[in-house]
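Residues per chain are reported as follows:
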Amino acid sequence: MSKYALLWDYVQKSEEPSLRLTFAEIEGIAGIPIDHSFLKYKKELTKYGWQVEKISMKAQTVLFTKTGDT
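Parameters at a glance
Residues numbered from 1 in each chain as written. Predicted model: local features only at pLDDT ≥ 70, side-chain atom pairs only at ≥ 80, totals over all residues. Heavy atoms only, no water. Phe/Tyr/Trp six-rings, centres within 6.5 Å; stacked < 30°, edge-to-face > 60°. Lys NZ or Arg CZ within 6 Å of the ring centre and 35° of its normal. Buried < 20%, exposed > 50% of the residue type's maximum accessible area, 1.4 Å probe, protein only. Helix = DSSP H or I, 4+ residues; strand = E, 2+ residues; numbered from the N terminus. Arc of directions from axis to C-beta. Contact = heavy atoms within 4.5 Å. Salt bridge = Lys/Arg side-chain N within 4 Å of Asp/Glu carboxyl O. Pairing = 2+ DSSP bridges. Axes fitted to C-alpha atoms, helices over the stretch in contact; angles between N-to-C directions.

*Asks:* Quick rundown of the packing of aromatic side chains? Include the residues and the values.
*Replies:* Counted under the stated rule, the structure contains 4 aromatic pairs. A centroid spacing of 5.7 Å and a plane angle of 35° characterise the contact between Tyr-4 and Trp-8, whose relative ring orientation is tilted. Through successive ring pairs, a cluster of aromatic residues spans Tyr-4, Trp-8, Phe-38 and Tyr-41. In this structure, Lys-40 packs its charged tip against the face of Tyr-41, placed 5.0 Å from the ring centre.

What follows is the structure in structure tokens.
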């Protein structure tokens, strides 16, 4: 099971075409601190029909968008 599985499940349940979450929100949902390994794990999200569109270090947010593959 992926360490970000709870986050992927959360994102997949969104009915919107995109979802922006703060790093703090992601940590709360995933139950773990977000770190550099997120860059590796984000590829798993495509299995859920979503992708990481943009990571903003300045705003500390991640923009997720639906891929249309679901």
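The structure having been displayed, the exposition proceeds.
*Asks:* So what about helix α1 (residues 5-12)? Which residues, and what values?
*Replies:* Listed in full, the buried residues belonging to α1 are Ala-5, Leu-7, Trp-8 and Val-11. For α1, the buried positions fall inside an angular range of 160° around the axis, keeping them on one side. Buried residues along α1 sit in contact with β1 (18-22), α2 (23-30), α3 (38-41), β2 (50-56) and β3 (61-66).

*Asks:* Describe the pattern of salt bridges, naming the residues involved and giving the relevant values.
*Replies:* Under the defined criterion, the tally for this structure stands at 1 salt bridge. Between Asp-35 and Lys-3 there is a salt bridge whose closest N-O contact spans 3.8 Å. Of this pair, Asp-35 sits in the loop between α2 and α3 while Lys-3 sits in the segment before α1, and the two are 32 residues apart along the sequence. We classify Lys-3 as partly exposed; its relative accessible area is 34%.

*Asks:* Requested: an account of the sheet that holds β2, with residues and values cited.
*Replies:* With antiparallel pairing, 3 strands are arranged side by side in an open sheet as β1-β3-β2. The strands lining the two open edges of the sheet, one partner per strand, are β1 and β2. Across the sheet, the axes of successive neighbouring strands diverge by a mean angle of 20°, strand direction being ignored. Both β1 and β3 contribute to a ladder of 5 bridges, which runs antiparallel. Counted as the bridge partner of Leu-19 is Phe-64 from β3. The sheet strands contacting α1 are β1, β2 and β3, and the helix crosses β1 at an angle near 140°. Most of the contacts of α2 go to β1, to which it runs at about 95°, and overall it touches β1, β2 and β3.

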